[in-house]
Amino acid sequence: MPVPPNAPVIRSDAPGSFARSVFHERHPKLVQQVLHALPYGPAQRAAVERLLVESTTGVLEPLGEDAPDSAQWLKWGGDLWGRPWGEAPFLWAESYFYRRLLDAVGYFRPGAWQGIDPFAPFKNAELAGPAVDDELAALNDLDGLPEAHRAQALLSSALWGNRADLSFQLTAEADGQTASDLLADDSTTLWTQLERARGGRICVVADNAGRELLPDLVLIDHLLTCGLATQVVLHVKPQPYYVSDATTTDVLASVERLRTAEVGGRLWRAMTDGALVVRTHPFFCAPLPFHDMPADLRTEFTGAAMTILKGDLNYRRLVGDRLHPPTTPFADVTDHFPTPVTALRTLKSDVIVGLDAETTTRLDTSETAWRTNGHHAVIQVATRQ
């Protein structure tokens, strides 16, 4: 993929940068939350604390030789081993932190903690919260909306994730959102493209579990029931990752939660009939951009009418975790992807492309943290025409 010379790779060693704050502010808080949420023993707790020290003041150490993916990470790390964490690309280092966290709590090792998701308490609490009951009750009002309005409301809810809800209000913006919060809106292009390819296969690459996955599933139900797709393939992480990223276990929990509404029953039947397929691949937890996806995963996407990528991390992996000029065309940095692609992304990191110069200037002069504070979002589409 051609990379403009003024698009440096983001690293976490720049003083005052968002990436540095992730390692020196966010991760210490996360570690304490993980250790508080589950009764890990002294060995696991000590290993987690050592990881925190290493990742902020030490150098990159490889996984132990007994780790199931040790050889793969040695290859991914290349010449990074032995260098300070901050010298690694931010995407790489952040991914490795979560892989090492799983190692520290014994997720992959034989024993009582093998296979136990360290983030499950957070996911379960959100999914079981009373706010979800109100959101599910609001689903009953969907049938009364004109199809175009219903589709756009579902898309908006999936876009904003846990900043929005499932009430699908068309006259009020959730959580104080305004029209200017949506910095790029290619939704008309998306619906036109899906209508043009009506009846094909659509891929959805999930982001977070909990309240964000629920509107994603409701949107998937809409794509199937209105005939825009004959099959939706939902791609999830193969293991816990980035605190709340969705795994197959999370999908099942969310579908079960939705079964109190009619949409849950339809999704259940869609899974049993093969209209909704859940898949995963080790590369979804790799520290690399989608440009480097392996051939077998590329084959899985090939032929889809559209791939919808949810969330900030998938956006970083799609366009490259670099400081692109914000006016860089979205299509130019996504032409490596094997299908037409849509990004539904709330901005929570420095990467952004596809904006016009006027919007960029307005934000740069009025809002210091507009790239990272989660107040803005984009719907961006590359059709491959």
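Worth saying up front: this structure is predicted, and the values here are computed from it rather than measured.

Here is what the cut-offs are and how they apply
- Residues numbered from 1 in each chain as written.
- Predicted model: local features only at pLDDT ≥ 70, side-chain atom pairs only at ≥ 80, totals over all residues.
- Heavy atoms only, no water.
- Core = buried A, V, L, I, M, F, W, Y, C linked by side-chain atoms within 4.5 Å.
- Buried < 20%, exposed > 50% of the residue type's maximum accessible area, 1.4 Å probe, protein only.
- Contact = heavy atoms within 4.5 Å.
- Salt bridge = Lys/Arg side-chain N within 4 Å of Asp/Glu carboxyl O.
- Helix = DSSP H or I, 4+ residues; strand = E, 2+ residues; numbered from the N terminus.
- Axes fitted to C-alpha atoms, helices over the stretch in contact; angles between N-to-C directions.
- Parallel < 35°, antiparallel > 145°, perpendicular 65-115°, else oblique.
- Left-handed = near helix turned anticlockwise from the far one by under 90°.
- Nonpolar A, V, L, I, M, F, W, Y, C, P; charged D, E, K, R; others polar.
- Pairing = 2+ DSSP bridges.
- Expected span 1.5 Å × (residues − 1).

Counting residues in each nonpolar core, the largest one holds 74 residues, and the members touching the most others are Trp-92, Tyr-315 and Phe-330. Residue contacts for Tyr-315: discarding those within four places in its chain leaves Gly-320, Phe-330, Ala-343, Arg-345, Val-351, Ile-352, Val-353, Val-378 and Gln-380. Formed by 47 residues, the second largest nonpolar core is a distinct cluster that contains Leu-142, Ala-209, Val-218 and Ala-377.

Applying the stated rule across the entire model yields 23 salt bridges. A salt bridge links Asp-103 to Arg-99, with the shortest nitrogen-to-oxygen separation between them at 4.0 Å. Of this pair, Asp-103 and Arg-99 both sit in helix H4 (residues 90-104), four residues apart, which is roughly one turn of the helix. Its salt-bridge partner being Glu-135, residue Arg-211 comes within 2.2 Å of it at the nearest N-O pair. On the criterion of sequence distance, the pair formed by Arg-211 in the loop between strand E2 (200-205) and helix H9 (213-225) and Glu-135 in helix H6 (residues 130-138) is long-range, its members being 76 residues apart.

Look at helix H5 (residues 120-128) against helix H10 (residues 248-258): their axes get within 11 Å of each other, and the N-to-C directions meet at 15°. Viewed along their axes, H5 and H10 adopt a mutual orientation that is roughly parallel. With respect to the hand of their crossing, H5 and H10 are arranged in right-handed fashion. In contact with Lys-123, Leu-127 and Ala-128 of H5, H10 contributes Asp-250, Ala-253, Ser-254 and Arg-257. Across the contact of H5 with H10, the residue classes tally to three nonpolar, one polar and three charged.

When you tally the buried positions in strand E7 (residues 377-382), you get six out of six residues, the bulk of the element. Residue alternation in E7 divides its side chains into two sets, Ala-377, Ile-379 and Val-381 and Val-378, Gln-380 and Ala-382, and both sets are buried. As judged from the three bridges shared by strand E1 (residues 182-185) and E7, these two strands associate in the parallel manner. Considered in E7, the bridge of Ala-184 is made with Val-378. Bridge count for strand E6 (residues 341-346) against E7 is six bridges, and the pairing is antiparallel. Within E7, the position partnered with Leu-344 by the bridge is Ile-379.

In this section: unusual backbone geometry. Positioned with a positive phi, Tyr-242 is a non-glycine residue whose angle comes to about 45°. Tracing the chain through its elements places Tyr-242 in the loop between strand E3 (229-236) and H10. Here the phi dihedral of Val-243 falls at roughly 65°; this positive angle occurs in a residue that is not glycine.

This brings us to the sheet that holds E2. Spatial ordering of the open sheet is given by E1-E7-E6-E5-E2-E3-E4, a layout of seven strands whose pairing is mixed. The open sheet has two edge strands with one neighbour each: E1 and strand E4 (276-280). Shown here is a sheet whose adjacent strand axes are inclined to one another by a mean of 15°, direction ignored.

With respect to the element layout, Gly-200 can be found in strand E2. The sequence separation of Gly-200 and Ala-305 amounts to 105 residues, and the corresponding C-alpha distance is 5.8 Å. Discounting chain neighbours no more than four positions away, the residues touching Gly-200 are Leu-228, Ala-229, Thr-230 and Gln-231.

A few words now on helix H2 (residues 42-57). If you check H2, its first and last C-alpha atoms are 22 Å apart, about what 16 residues at 1.5 Å a residue would give, namely 22 Å. Taken together, the buried positions of H2 are Gln-44, Ala-47, Val-48, Leu-51, Leu-52, Glu-54 and Ser-55. Contacts made by the buried residues of H2 are with helix H1 (18-37) and H4.

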